[in-house]
Amino acid sequence: MAKPNGARPATCPDGWTPVADTRTAGERLTVLGPTSPAPHPGAPVAALVHGLEGHWTGWQSLAGHLDDRCRTYVLDLPWRAGNHYRWRHHGTPAHWLREALALVPEPVDVLIGHSFGANAVLEHLATSGGAPQPRAAVLLAPFFRPATLTVDWPLYDAAFAGFRQIITDGVRVGMGERARRLDPDVLTAMADTTVERIGPVGFLSLFLQFTGTTELDLGAVTVPTLVLAGENDTSLSEDRATALATAMPAARVCRHPHYTHFCHAEQTADVGADITAFLTDTTASWTDTPFSSQKEPPMTELLDGTLTTPVGRPRYEGANIRTWIGFKHFMYLTEEAILQYFRERGVGAETLYHTYGLGLEIVDHSVSLPATLGIDDDVIAIVEPGKPKPGHGAPFKVRLTVQRDGETVTILTGKIRVALVTLKDAPASIRPVPAHLEPYVVPEVAALADAAGQDPQAVADADLATVLTPPDSNAFLWSWRIPYFYCHFSDRLQHSGYVRAMEEVVDRFLDDRGISIRTMLDERGWIPVVSRARVHMLADAFMEETLHTVFTVQEIIKDVMYTAAFDTYVHRDGRLVHTATGSIMHGYAVSRGEQAGSLAEFDDTTRAALLGGAR
């Protein structure tokens, strides 16, 4: 009879005790659980799944951070440290995970896995075969292979090098403070000994699990899943994170610059905060007592890592020319990515409004559009925080990608700044603003350091048109009443309202100059193309005020594109307030004939129409 794989845990940490222990096919499975009652009624039950050559003790610190949120059970699985890897002949990692979950004395709501254990969870979610599923999952430092990454010997060699590094890091983390005093050569020798003991079968167990991820039907997974990894952890590099988010719409992928592969042990407080925020949002819909009412997640930093997240398909409204999407809806998708970034940190727009009396305002948004977007494209957003400047709000870089012919194509790169504006009619009983949000709070948009910077100009009603469109300026003026459906927080014009205004003023300008979109489509087969756009808010404009919108073509570039300025004003108490500025780079693509697909070259008629009297 084969010797069971591993001995029963001899010593349990405070708060845990073995609640189940069994042997099957020569493999031992143990579940350790809480010794005290649930921290509060309806607390979710979480099961923790260790990595390859890991151990249940590696979860002690993180479990402590989750104690007041979850009822935690720890699974001791066959791929524990020192195992002989015969378990591979009797079942996949997902099989063994399901065997262990069946021993947990109560239904598991949340599965949390690390490294190889995270991949076991991933495999379980995609291949459950009718087995009970959790209601949420967290994957810490998982491995993922995009379909575009060929399995060949160079990949094998790179994976083995990464495996050795992970083992080295694992030895260091396992030694704790002693590792700081250890000679680096001694640490390397210890890691080499561990790699030798694990042997090729152990490495192949990991390699096959990694290469097989691309075969999983992750698109069918509906369990809300949080993926956490470090930006310098090669197991989930940026391209792999993007591919995972694309393949698994139910997943939110967050990469933090300071997270390591063993983030649950080395950045425990931050990981605990990330998981807590995720569970606060996720569990609110399936507990009698809303999770969000129990305790505020201990966030200490807002701009703390990169988020890779699906933002869905563009709205049907945006397919105005054939099935291509207009620039406005590109900007809507980046807005959704920013909103998700805040949600992931437990301070979504609704929480900011009701809890702190703040309005999330996108105050500056510039985009470059290097490729087209189609109505059926699934879009992934990568949101990377920038370095903030005092009084300028929270800065971000955003990249949108789609999958085409097995390749990741970037369709947008952009920069966004967000301010948290104090609401005039804030809900009652709001809480003090947390310290990590205070640097981004302003009383109004005009209080930002890069806002208008000058006093509003005194102008009589009768002089508005002359002031805004001086002779020989080539400026076009469109004045319109701000409707409530372009506003938010029952008060002011929001970012997307300005984007819509930019699109409409271009349309009105071209029609005024005799080269309307329809005219160019019918007579020349020219399709409008926008390659760059920016909207920068300078002051608040309020519901039902008249917004005076000025559009001015500035320059024609190589006879294929033109740049134009976009400025908006309100006339308030006899003064002209500059509320926003922006720019757009516009041109046309040829849709028929031998030149189809190329940029249209402006003729004299088009140049004259665009430049008017400013030629």
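This text gives an overview of the structure that appears in the document. In this text the structure is predicted, and so the values were computed from the model without any measurement.

### A closer look at the packing of aromatic side chains
So, step 1. Scanning all chains against the criterion turns up 25 aromatic pairs.
So, step 2. Centre to centre, the rings of Phe 163 and Phe 203 are 5.2 Å apart; their planes meet at 55°, and the pair counts as tilted. With Phe 163 in helix 4 (residues 153–175) and Phe 203 in helix 5 (residues 184–211), the pair connects residues that are 40 residues apart, well separated along the chain.
So, step 3. Here Phe 163 falls in the buried class, since its relative accessible area comes to 4%.
So, step 4. A centroid spacing of 5.4 Å and a plane angle of 80° characterise the contact between Tyr 484 and Phe 485, whose relative ring orientation is edge-to-face.
So, step 5. Ring pairing ties together the aromatic residues Trp 153, Tyr 156, Phe 160, Phe 163, Phe 203, Phe 207 and Phe 210, which thus form one cluster.
So, step 6. We note Arg 345 situated over the ring of Tyr 341; from NZ or CZ to the ring centre the distance is 3.6 Å.
So, step 7. Looking at Arg 524, its charged tip hangs above the ring of Trp 526, at a distance of 4.9 Å from the centre.

### Some details on empty space enclosed by the protein
So, step 1. Within the structure shown, the criterion is met by 1 cavity of 30 Å³ or more.
So, step 2. Lining of the largest cavity is provided by Leu 226, Leu 228, Cys 254, His 256, Asp 274, Glu 344 and Arg 345.
So, step 3. For the lining of the largest cavity, the secondary-structure elements that each account for two or more residues are strand 7 (225–230) and strand 8 (251–256).
So, step 4. Here the lining of the largest cavity is built from residues that sort into 3 nonpolar, 1 polar and 3 charged.

### Considering the environment of Gly 230
So, step 1. Here Gly 230 shows up in strand 7.
So, step 2. Classification of Gly 230 by relative accessible area gives buried; the value is 0%.
So, step 3. Each C-alpha atom, one on Gly 230 and one on Thr 306, is 9.1 Å from the other, the two residues being 76 residues apart in sequence.
So, step 4. Beyond its immediate chain neighbours, meaning those up to four positions away, Gly 230 contacts Leu 236, Arg 255, His 256 and Tyr 259.

### Things to note about the nonpolar core
So, step 1. Among the nonpolar cores identified, the biggest contains 115 residues, and Ile 112, Phe 342 and Tyr 562 are the most heavily contacted of them.
So, step 2. With near-sequence residues (within four places) excluded, Phe 342 lies in contact with Leu 302, Val 347, Gly 348, Leu 352, Leu 360, Phe 396, Val 418 and Leu 420.
So, step 3. Counting residues in hydrophobic clusters, the runner-up holds 62 residues, among them Val 49, Leu 101, Phe 116 and Phe 143.

### Re the environment of Trp 56
So, step 1. Here Trp 56 shows up in the loop between strand 3 (45–49) and helix 1 (60–66).
So, step 2. For Trp 56, a relative accessible area of 2% corresponds to the buried category.
So, step 3. On a C-alpha basis, the gap between Trp 56 and Thr 283 in space is 25 Å, while along the polypeptide they are 227 residues apart.

The rules behind the values
Along every chain, residues carry numbers that run from 1 in the direction the sequence is written. Per-residue local features are limited, in this predicted model, to residues with pLDDT of at least 70; the limit for side-chain atom pairs, both in listing and counting, is 80 or more; totals at the level of whole chains, interfaces and linings are taken over all residues. Neither water nor hydrogens contribute to the side-chain values; these are computed over all heavy atoms in the structure. Centres within 6.5 Å are what make two rings of Phe, Tyr or Trp a pair, Trp counting through its six-membered ring; a difference in plane orientation under 30 degrees is then read as stacked, over 60 as edge-to-face, and the rest as tilted. Helical segments are the DSSP runs of H or I of at least four residues, strand segments are the runs of E of at least two, and each set is numbered from the N terminus. Here's how the labels work: a residue is buried when its accessible area is under 20% of the maximum for its type, exposed when over 50%, partly exposed in between, all with a 1.4 Å probe on protein chains only. Charge over a ring is defined by NZ of Lys or CZ of Arg lying within 6 Å of the ring centre and within 35 degrees of the ring normal. With a 1 Å grid laid over protein atoms only, a set of points is called a cavity when a 1.4 Å probe fits there but cannot get out and a pocket when it is open yet has protein on both sides within 12 Å along at least five of seven lines; lining residues have an atom within 4 Å of a point. Grid points are joined across faces, edges and corners, and a volume is the space filled by probe spheres set on the points. In the scheme used here, Gly and all other residues not listed as nonpolar or charged are polar, with Ala, Val, Leu, Ile, Met, Phe, Trp, Tyr, Cys and Pro taken as nonpolar and Asp, Glu, Lys and Arg as charged. Here a residue-residue contact requires only that any non-hydrogen atoms of the pair lie within 4.5 Å. Residues belong to one nonpolar core when they are buried, are Ala, Val, Leu, Ile, Met, Phe, Trp, Tyr or Cys, and are joined through side-chain atoms within 4.5 Å.

Function cannot be inferred from these measures alone, as they are strictly geometric.
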